[in-house]
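Read off the chains here:
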Amino acid sequence: MTSPLEQKKIRITGPSVVTANRTWDGAVVYRTAKQGWSTELSDSAVVSTSDAARALLAEATADDVGAVGPYIAPVELKDGGKLKPGNLREHIRAKGVTIDLQVPA
């Protein structure tokens, strides 16, 4: 979770969303414009200014029942308004684990 001191330093350089992990199963979730959470990046509220990001993050942080560890993440707006993760970390979080979790027999 972002501390109040760090929230003052928020700098947005492009479209961004707030993401976290759902409390009951750890799923990656995104804050929506309707003040809820969704597992779909396409449902997320997109902000483009530091003030808007700070407000969305504060709202998400206050909802510690629905999700934990909210933070601001960059996204890319593709043709037709489709959202894509904006950095490697978010690509990995969106796709799931990067290793085979099966135990050899």
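So, how was this worked out
- Residues numbered from 1 in each chain as written.
- Predicted model: local features only at pLDDT ≥ 70, side-chain atom pairs only at ≥ 80, totals over all residues.
- Heavy atoms only, no water.
- Core = buried A, V, L, I, M, F, W, Y, C linked by side-chain atoms within 4.5 Å.
- Buried < 20%, exposed > 50% of the residue type's maximum accessible area, 1.4 Å probe, protein only.
- Helix = DSSP H or I, 4+ residues; strand = E, 2+ residues; numbered from the N terminus.
- 1 Å grid on protein atoms, 1.4 Å probe; cavity = no way out; pocket = protein on both sides within 12 Å on 5 of 7 lines; lining within 4 Å.
- Points joined across faces, edges and corners; volume = space filled by probe spheres on them.
- Nonpolar A, V, L, I, M, F, W, Y, C, P; charged D, E, K, R; others polar.
- Expected span 1.5 Å × (residues − 1).
- Arc of directions from axis to C-beta.
- Contact = heavy atoms within 4.5 Å.
- Pairing = 2+ DSSP bridges.

In the nomenclature of an unreviewed UniProt entry, the protein is known as DUF2849 domain-containing protein of Bradyrhizobium elkanii.

### Let's talk about the nonpolar core
Side chains of a nonpolar character, in soluble globular proteins, are inclined to be buried together. If you look at the biggest cluster of nonpolar residues, it comprises nine residues: I10, I12, V18, A45, V47, A53, L56, L57 and A60. Top element by residues in this core is helix α2 (residues 50–62). It accounts for four residues. Ranked by size, the runner-up nonpolar core spans eight residues in total, among them V17, V28, Y30 and L83.

### Observations concerning the layout of surface pockets
Volume-wise, the largest pocket comes out at about 290 Å³. Lining the largest pocket are 14 residues, with E40, L41, L83, P85 and A94 sitting closest to its centre. Listed by contribution, the elements that provide at least two residues to the lining of the largest pocket are β2 (28–31), β5 (83–85) and α3 (88–95). When residues in the lining of the largest pocket are grouped by element, the largest group, four residues, is from α3. Of the residues in the lining of the largest pocket, the class split is six nonpolar, three polar and five charged.

### Here's the deal with α2
With 13 residues, α2 should cover 18 Å at 1.5 Å per step; its first-to-last C-alpha distance of 18 Å lies within 8% of that length. Taken together, the buried positions of α2 are occupied by A53, L56, L57 and A60. End-on, the buried residues of α2 take up no more than an arc of 100°, which puts them together on one face. Every exposed residue of α2 that faces more than 90 degrees away from the buried side is listed here: D51 and A62.

### Considering the environment of G86
In this fold, G86 is placed in the loop between β5 and α3. Judged by its relative accessible area of 29%, G86 is partly exposed. Note: C-alpha distance between G86 and E76 (ten residues apart in sequence) is 5.2 Å. The contacts of G86, once residues within four sequence positions are left out, are P74, V75 and E76.

### Looking at the sheet that holds strand β3 (residues 37–38)
In spatial order, the strands read β3-β2-β1-β4-β5; together these five strands make up an open sheet with antiparallel pairing. Looking at which strands have only one partner, the edges of the open sheet turn out to be β3 and β5. As judged from the six bridges shared by strand β1 (residues 16–22) and strand β4 (residues 67–77), these two strands associate in the antiparallel manner. When the bridges of β4 are listed, T19 appears paired with Y71.

### Regarding the side chain of T32
Tracing the chain through its elements places T32 in the loop between β2 and β3. Apart from residues no more than four positions distant in its own chain, T32 is found in contact with W37, S38, D43, S44, A45 and E59.

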